[in-house]
Structure formats: C-alpha cells, structure tokens
Amino acid sequence: RLLPMAGVVAALVAPLTLFAVDVAVSNPMSVALEGENVGRLLEIYFATALPFFASGLAVTLVMSAAKSDIGRIYAFDLGGAALGCLAIIPLIASVGGPGALAIAGAISAVGGVFLCLAGRDEAPVKSFKRFAPTAIAALAAVVGLYMGLGPAQTGAAFKFKQGEKFLKEANVIWEGWNALSRITVSTSSADDHRWIHIDADAATRIVRSIAPAVAIE
C-alpha cells in the first residue's frame, strides 16, 4: 500500500515544480527592503519548498516499505541524486532553466509510475483503485515533459515578469542558459548596438561593426 502512495506523491513533484517555476518567474526580486519585496520572497520560498517536501515524503514512504532492503533503496537514492547532479548542467544548457526544472519534475513522475507498478498485487488490475495511482503518475509525467519541451521552449509559458533590473523583458530577442546564468540579447533604442545581459542585470553592448572590409594578403 505504501508504494502506490509513494508513487502518487512522487508524481505530484511534476505539477508542484511547474507551479514553483511559474511563481518564481512571476515575482521579480530586488534589493529594496520593502514589505512587498519580502512578501514576494516568502511566496517564492513557499512555492519552491513544495516539490522538495513531496519528493522527501515519497522517499520516506519508499524506505518505510523497504524494510530489510532499506540499504539497497538508500543506495539507489544516492545514486539517482548523483546522476541528477551530472545531468542537470547539460539539460539546462539544452532546454533552459524552466524547461530543465519541468523535465526534472517529469522524471520524478516517471519514477512514480514504476513505484505504482511495483506496488500492485500480482493479480491483474481489476479495480479503479489499483489503476488510478499509475494513471495519475503517468499523466503527471506527460504534462511535465510537454511543458518542458513545448511551452517552456517557445516562450508560451514561464515568461519572466518585468522587474527593477536593467533588462527590458519586452525587448528580448534571444535567450540562452548555462549552469550559472540566464543570458539574453535584447534590442536598444539605437540602431548601432544591442544589449547582452547576464541574469537581467550585468550588461554589455554588442556594437554593430561599420568598419570597411580589409583584404588580407
């Protein structure tokens, strides 16, 4: 009984992660010590804590069901965490920060599917109660993958709200990510340059070259 419950909780990581990302990009922070800024910070903390709580609860339920195999389960837990640390860096570079988080949530939901399957009785599925946890986990996985590979890539979801930083989000024409930062290129009011920003703050001009071509002998 604990494994299907753990599977559903692990699957909840996917929608909770999507919710956390949406809250984070919709609440731009500043260094101003104002009540509104503190409220935004608390909202972000609460939203981002939910996926961690769900994943921790899922692992706890699995270990409670493991009994004598708890050592092997814990080894897989540590191994999965290590693989996640290695995979997240190229994943961010490939699909961006929001997309990588959405896919990470989907992977948790895929794990939930396997937990639900492992927790079923050996008899064929004959009741809705046996089928429902697996279906919920599978649906969460599909939604997470779709959001990470679809709307998160096209800009239809997780749009960054304009904050007090230098970058004007409406002027962004290109966006890329590395392991540390969000990199953007945006237009300017002048025709001779554009702006490249790191995390919407540190900025450098990209000047259009007007020097004549020089033949190299």
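Structure's up top.
Residues numbered from 1 in each chain as written. Predicted model: local features only at pLDDT ≥ 70, side-chain atom pairs only at ≥ 80, totals over all residues. Heavy atoms only, no water.

**Q** Honestly, the packing of helix 1 (residues 2-26) against helix 2 (residues 35-66) in this entry has me stumped. Any pointers?
**A** Their axes nearest at 8 Å, the elements helix 1 and helix 2 cross at an angle of 165°. One way to sum up the angle between helix 1 and helix 2 is to call them roughly antiparallel. Pair helix 1 / helix 2 crosses with left-handed handedness. Along the lines of polarity and charge, the residues of the contact of helix 1 with helix 2 split into 22 nonpolar, four polar and one charged. (Axes fitted to C-alpha atoms, helices over the stretch in contact; angles between N-to-C directions. Helix = DSSP H or I, 4+ residues; strand = E, 2+ residues; numbered from the N terminus. Parallel < 35°, antiparallel > 145°, perpendicular 65-115°, else oblique. Left-handed = near helix turned anticlockwise from the far one by under 90°. Nonpolar A, V, L, I, M, F, W, Y, C, P; charged D, E, K, R; others polar.)

**Q** It is not clear to me how the packing of aromatic side chains should be interpreted in this structure. Could you clarify?
**A** How two aromatic rings sit relative to each other is given by the distance of their centres and the angle of their planes. Across all of its chains, the model carries one aromatic pair by this definition. Here Phe160 and Trp177 contribute two aromatic rings whose centre-to-centre distance is 6.2 Å and whose plane-to-plane angle is 35°, an arrangement assigned as tilted. On the criterion of sequence distance, the pair formed by Phe160 in the loop between helix 5 (151-154) and strand 1 (172-177) and Trp177 in strand 1 is long-range, its members being 17 residues apart. Judged by relative accessible area, Phe160 falls into the partly exposed class, the value being 26%. On the accessibility criterion, Trp177 (23% relative accessible area) is partly exposed. The ring of Phe160 carries the charged tip of Arg182 above its face, separated from the ring centre by 3.9 Å. (Phe/Tyr/Trp six-rings, centres within 6.5 Å; stacked < 30°, edge-to-face > 60°. Buried < 20%, exposed > 50% of the residue type's maximum accessible area, 1.4 Å probe, protein only. Lys NZ or Arg CZ within 6 Å of the ring centre and 35° of its normal.)

**Q** I would appreciate a short explanation of unusual backbone geometry in the present structure.
**A** In terms of backbone geometry, most residues other than glycine have negative phi values and most peptide bonds are trans. The backbone phi angle of Phe158 is positive, close to 60°, even though this residue is not glycine. Structurally, Phe158 is set in the loop between helix 5 and strand 1. In the Ramachandran plot, Ala200 falls in the positive-phi region, its phi being about 65° despite a non-glycine side chain. Structurally, Ala200 can be placed in the loop between strand 3 (193-198) and strand 4 (202-207). Ala200 sits in the buried class, given a relative accessible area of 10%.

**Q** Just checking my understanding: could you explain the pattern of salt bridges for this structure?
**A** Pairing is possible between side chains that carry opposite charge, provided their charged atoms lie close to one another. Applying the stated criterion across every chain yields a total of three salt bridges. Across the salt bridge formed by Arg72 and Asp69, the nearest N and O atoms sit 3.5 Å from each other. Under the relative-accessibility criterion, Arg72 is labelled partly exposed at 48%. Across the salt bridge formed by Glu169 and Arg182, the nearest N and O atoms sit 3.0 Å from each other. Placement of Glu169 in the loop between helix 5 and strand 1 and of Arg182 in strand 2 (residues 182-186) is noted, with a sequence separation of 13 residues between them. Taken together, the shared-partner salt bridges connect Glu169, Glu175 and Arg182 into one network. (Salt bridge = Lys/Arg side-chain N within 4 Å of Asp/Glu carboxyl O.)

**Q** Can you help me understand the nonpolar core in this one?
**A** As a rule of thumb, nonpolar side chains are buried together in soluble globular proteins. Of all hydrophobic cores here, the largest spans nine residues; its members are Ala6, Val9, Ala10, Val13, Ala54, Ala58, Leu61, Val62 and Leu115. Once residues lying within four places of it in the same chain are set aside, the contact partners of Leu115 are Leu3, Pro4, Ala6, Gly7 and Val62. (Core = buried A, V, L, I, M, F, W, Y, C linked by side-chain atoms within 4.5 Å. Contact = heavy atoms within 4.5 Å.)

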